[in-house]
Amino acid sequence: LFPAHFGPAAPDPVRLRKSRVVKTPLSVYWSRPGMQKHRPTQATPVRNFFLGGDFTFQRYLASMEGAVLSGKAAAEAVEAADQARPARDQSSVLTAYKGDWPRRLRALS
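Residues numbered from 1 in each chain as written. Predicted model: local features only at pLDDT ≥ 70, side-chain atom pairs only at ≥ 80, totals over all residues. Heavy atoms only, no water.

## Remarks on the side chain of S70
Here S70 shows up in helix α1 (residues 64-82). Assessed through its relative accessible area of 0%, S70 is described here as buried. Those residues in contact with S70, other than ones at most four positions away along the chain, are Q42, L51, G52, G53, T56 and Q58. (Helix = DSSP H or I, 4+ residues; strand = E, 2+ residues; numbered from the N terminus. Buried < 20%, exposed > 50% of the residue type's maximum accessible area, 1.4 Å probe, protein only. Contact = heavy atoms within 4.5 Å.)

Take a look at the structure:
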């Protein structure tokens, strides 16, 4: 849908036919102090096996932001393994080389 479809001046306005609000009261888990150490890192002991997802070790809890950050950290771990170097600290993955990601990813293929 585009803005031209909304409002009284729209030539062919959209109409809401039905809706439902879905609430999930316990959709985000409650983290207890000291549990961060039990979350797996993106690099694993298994050669060429990496993890990505909001459940892995990163700064956010179960959220889309955590999943995105974990994916970037997993990409950094893959690149570090490919180059036989230690991975950079995860806290730098969000901002380090921000404009450089496309070139670095193309170089891996």
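Next, the rest of the story.
## Examining the environment of A74
By secondary structure assignment, the location of A74 is in helix α1. In this structure, the C-alpha to C-alpha distance between A74 and A87, residues 13 residues apart in sequence, is 9.6 Å. Once you skip the residues sitting within four places of it in the chain, A74 turns out to touch Q42 and L51.

## Concerning the pattern of salt bridges
The tally for this structure, following the rule as stated, stands at two salt bridges. A salt bridge links R85 to E76; the nearest nitrogen and oxygen atoms lie 2.9 Å apart. You can call R85 partly exposed: its relative accessible area is 25%. Linked through salt bridges whose partners overlap, the residues forming this network are E76, E79 and R85. (Salt bridge = Lys/Arg side-chain N within 4 Å of Asp/Glu carboxyl O.)

## Side note on α1
Between the first and last C-alpha of α1 there are 27 Å, a value that for 19 residues agrees with the 27 Å anticipated at 1.5 Å per step. Within α1 the residues assigned to the buried category are G66, L69, S70, A73, A74, E76, A77, E79 and A80. A84 sits one or two positions beyond α1 and adopts a positive phi of about 55°. (Expected span 1.5 Å × (residues − 1).)

## Some points on unusual backbone geometry
Although it is not a glycine, N48 adopts a positive phi angle of roughly 60°. With respect to the helices, strands and loops of the structure, N48 is situated in the segment before α1.

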